[in-house]
Amino acid sequence: ILKSVILIGGPSKGTRFRPLSLDIPKPLFPVAGLPVIQHHIEACSKVDNLSEILIIGSYLASDLSQFIQEMISIYKITIRYLQEFTPLGTAGGLYHFRDQIRSGGPTYFFVMNGDVCADFSLQEIVEYHKEKQALLTIMATEATRQQSLNFGCMVLDKEGKVAHYVEKPSTFVSTLINCGIYLASLDIFQTMADAFYAGQSQENFMQFNGNSKNPAHISLEQDILMRLAGTGRLFALPVLKWWSQVKTAGSAIYANRHYLNLYKAKHPDRLASAVNGPCQIIGDIYIHPSATVHETAVLGPNVSIGPNAVIARGVRIRESIILANAHIQAHSIVLHSIVGKSSYVGEWARIEGTPCDPNPDKPFAKMENLPLFNTNGKLNPSITILGTSVRLAAEKIVLNSIVLPHKELTRNFKNEIIL
Ligand code: GDD
Ligand code: GTP
């Protein structure tokens, strides 16, 4: 049997995802109508003999309990949340909860970063891992030379063994990068134990300086992958299907488009029909069954409409996510934007952002996860985000702006953060 662990971090992570992560943990933010990690869970549910999914993070258990109950009832699989008392790093939680992972005697377990999205090739990884008799297999993909520096980079030999692994190198190592999806055999806990004891002796030393990390902190990348590179037991499987990180709000729009596209083959039932949909539909659109969409609205391409949202007469929306209970009043337009929960957009308003897609002219380019501000202290042009319960007056324009929750906007805004 197999298991899967999804690493979701905690409230101190996901800062680039604000203000969207202010009232919902980032792993639960809906992309193509489903919480980010529901896409992971769905991929796991399709793997043969996968018996249990463990979600490890430092969010309060109460923030996830309702979601987990829903997932259990949809996918009929055991799912449990294991809460870290403090962030333990990408492998510290795995090691801390090792007995939970080992119980029931799985042969292998997946480790999935909760902040990636992809056309996950989990079954292929299982076959590859078995064939190679690997200790750990990394799902890998290609990046550009320049962007590779933001990821874990590796060099493989002819058989797929990882000869070198460097996490976020400062100079170029390889364009083959770590996707944050792994399959491990149980012996990996021995490697973790070695890293743990090595960390502890270092910890005794560090205490004199007073700048100590938690002694149980283990980094999967620094302490495990770097250690295993060159030993012949660490493998990587290059996969060239769609893969991206979900770090910034802009990447949610990008992920939304790709997951909608995957529905065409895997879940056509989730897409609004262009023939007998509720309104004019262009391309791939998800509309929650409880949303109300006026027949004269035009949606698409690449739009998701959340539960109980109301889209009025003559509204035009494209490349955007409208969250639960939002109201878009008549004849307004929303482009490259995210409209927060329970927000209200008056008539004839315009909400527009700048797409931040990967450079289409560069093969294997990924999204640039730009910080909010550039080096001149100016806001980097990005998608427009209305936080929860924002009210935008009729006939106003909001362009490339980020609006924090509960704001009343009564004038036009351009390139601003509205605090
Ligand atoms: N439970 C738990 N505890 N999860 C954590 C912790 C922690 O202390 N720290 C990080 N995570 C989770 C995050 O929520 C995320 O899903 C994942 O682990 C990795 O997060 P980061 O530590 O921010 O790493 P990264 O995303 O910059 O880089 C990693 O992923 C890249 C691919 O997206 C590395 O593995 C890179 O090598 C890789 O290329
Ligand atoms: P391209 O399709 O890229 O050429 O863009 P465009 O010049 O049509 O305009 P834009 O990207 O700004 O708008 C996209 C869609 O929204 C188009 O179908 C427009 O007709 C429509 N649109 C533009 N502005 C408004 C508006 O203020 N209100 C409404 N209801 N629709 C609008």
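Residues numbered from 1 in each chain as written. Chains lettered and ligands numbered in written order. Predicted model: local features only at pLDDT ≥ 70, side-chain atom pairs only at ≥ 80, totals over all residues. Heavy atoms only, no water.

Observations concerning the pairing of strand β1 (residues 2-9)
In regular strands, side chains alternate between the two faces of the sheet.
Thinking step 1. Among the 8 residues in β1, 7 count as buried, and that is most of the element.
Thinking step 2. Two strands pair when backbone bridges link them, and β1 and strand β6 (residues 108-113) are joined in this way by 6 bridges, in the parallel orientation. Pairing of Ser4 across the sheet is with Phe110, part of β6.
Thinking step 3. Here β1 runs beside strand β4 (residues 50-57); their pairing, made up of 7 bridges, is parallel. The residue of β4 that forms the bridge with Ser4 is Ile53. (Buried < 20%, exposed > 50% of the residue type's maximum accessible area, 1.4 Å probe, protein only. Helix = DSSP H or I, 4+ residues; strand = E, 2+ residues; numbered from the N terminus. Pairing = 2+ DSSP bridges.)

Remarks on the site of ligand 1
Thinking step 1. Near ligand 1 there are 27 residues, and of these Glu84, Glu167, Asn178, Glu221 and Lys247 occur at the shortest range.
Thinking step 2. The contact in question runs from a nitrogen atom of ligand 1 to an N or O atom on the backbone of Ile56, over 3.0 Å.
Thinking step 3. Contact between ligand 1 and Gln245: an oxygen atom at 2.8 Å from a side-chain N or O atom of the residue.
Thinking step 4. Bound to the protein, ligand 1 loses 90% of the 730 Å² it would expose on its own.
Thinking step 5. Contributions of two or more residues to the shell around ligand 1 are made by β1, β4, α3 (89-96), β10 (162-167), β11 (176-185) and β13 (243-245).
Thinking step 6. For the shell around ligand 1, the per-class residue count stands at 11 nonpolar, 9 polar and 7 charged. (Near = heavy atom within 4 Å. Polar contact = N/O pair within 3.5 Å; in protein donor to acceptor, adjacent residues only side chain to side chain. Areas by Shrake-Rupley, 256 points an atom, 1.4 Å probe, with all protein chains shown as cover. Nonpolar A, V, L, I, M, F, W, Y, C, P; charged D, E, K, R; others polar.)

Re the packing of aromatic side chains
Thinking step 1. On inspection of all chains with the given rule, the structure shows 6 aromatic pairs.
Thinking step 2. For the ring pair Phe109 and Phe189, a centre distance of 5.4 Å and an interplane angle of 15° mean the geometry is stacked. A residue pair is termed long-range when its members are at least 10 positions apart, and Phe109 in strand β6 and Phe189 in helix α6 (residues 188-206) qualify at 80 residues.
Thinking step 3. Under the relative-accessibility criterion, Phe109 is labelled buried at 1%.
Thinking step 4. On the numbers, 5.0 Å between centres and 90° between planes, the contact of Trp242 with Tyr259 is edge-to-face. (Phe/Tyr/Trp six-rings, centres within 6.5 Å; stacked < 30°, edge-to-face > 60°.)

Structural notes on the sheet that holds strand β31 (residues 408-409)
Thinking step 1. With respect to topology, 6 strands assemble into an open sheet ordered β16-β19-β22-β25-β28-β31, the strand pairing being parallel. Only two strands of the sheet have a single partner each, and these edge strands are β16 (292-293) and β31.
Thinking step 2. Relative to β31, strand β28 (residues 391-392) is paired through 2 bridges, and the arrangement is parallel. In the sheet register, Arg391 faces β31, and the bridge partner there is Glu408.

Considerations on the site of ligand 2
Thinking step 1. Ligand 2 sits among Gly314, Arg316, Arg318, His331, Ile333, Leu335 and Arg350.
Thinking step 2. Interatomic distance of 3.2 Å between a backbone N/O atom of Gly314 and a nitrogen atom of ligand 2.
Thinking step 3. Within the side chain of Arg318, an N or O atom sits 3.2 Å from an oxygen atom of ligand 2.
Thinking step 4. Isolated, ligand 2 exposes 610 Å² of accessible area, and the fraction of that covered by the protein chains is 43%.
Thinking step 5. For the shell around ligand 2, a count of residues per class yields 2 nonpolar, 2 polar and 3 charged.

Some thoughts on the pattern of salt bridges
Thinking step 1. Taken as a whole and judged by the stated rule, the model has 15 salt bridges.
Thinking step 2. Salt-bridge contacts for Lys266 lead to Asp119; the nearest nitrogen and oxygen are separated by 2.7 Å. Of the two residues, Lys266 is situated in helix α8 (residues 249-266) and Asp119 in the loop between β7 (116-118) and α5 (122-132); the sequence distance between them amounts to 147 residues.
Thinking step 3. Exposure remark for Lys266: the relative accessible area of 46% places this residue in the partly exposed category.
Thinking step 4. Through salt bridges that share partners, Lys3, Glu52 and Arg80 make up one connected network. (Salt bridge = Lys/Arg side-chain N within 4 Å of Asp/Glu carboxyl O.)

Description of the sheet that holds strand β32 (residues 413-414)
Thinking step 1. The parallel open sheet is built from 7 strands, whose spatial order is β14-β17-β20-β23-β26-β29-β32. Each having just a single partner strand, β14 (280-281) and β32 make up the two edges of the open sheet.
Thinking step 2. Bridge analysis of strand β26 (residues 350-352) against strand β29 (residues 397-399) gives 3 bridges, and the strand direction is parallel. The partner of Ile351 across the bridge, within β29, is Val398.

Notes on the environment of Glu127
Thinking step 1. With respect to the element layout, Glu127 can be found in helix α5.
Thinking step 2. Of the residues examined, Glu127 reaches a relative accessible area of 40% and is grouped as partly exposed.
Thinking step 3. Taking the C-alpha atoms as reference points, Glu127 and Ser103, separated by 24 residues in sequence, lie 23 Å from one another.

Some details on helix α2 (residues 61-75)
Thinking step 1. Here α2 is 15 residues long and its end C-alpha atoms lie 20 Å apart, about the 21 Å a rise of 1.5 Å per residue gives.
Thinking step 2. Its axis deflected by about 25° at Phe67, α2 carries its strongest bend there.
Thinking step 3. Taken together, the buried positions of α2 are occupied by Leu64, Phe67, Ile68, Met71 and Tyr75.
Thinking step 4. Looking at the buried positions of α2, the neighbouring elements they touch are β1, β3 (34-35), α1 (36-45), β4 and β5 (78-83).
Thinking step 5. Once α2 finishes, Lys76 follows within two positions and takes phi at roughly 50°, a positive value. (Expected span 1.5 Å × (residues − 1). Bend = angle between axes of the 7 residues up to and from the residue. Contact = heavy atoms within 4.5 Å.)

Some remarks on the side chain of Asn178
Thinking step 1. Its place among the elements puts Asn178 in strand β11.
Thinking step 2. Overall, Asn178 belongs to the buried group, its relative accessible area being 7%.
Thinking step 3. Within polar-contact distance, the side chain of Asn178 engages the side chain of Tyr165 at 3.0 Å.
Thinking step 4. A polar contact is formed between the side chain of Asn178 and the backbone nitrogen of Gly180, at a distance of 2.6 Å.

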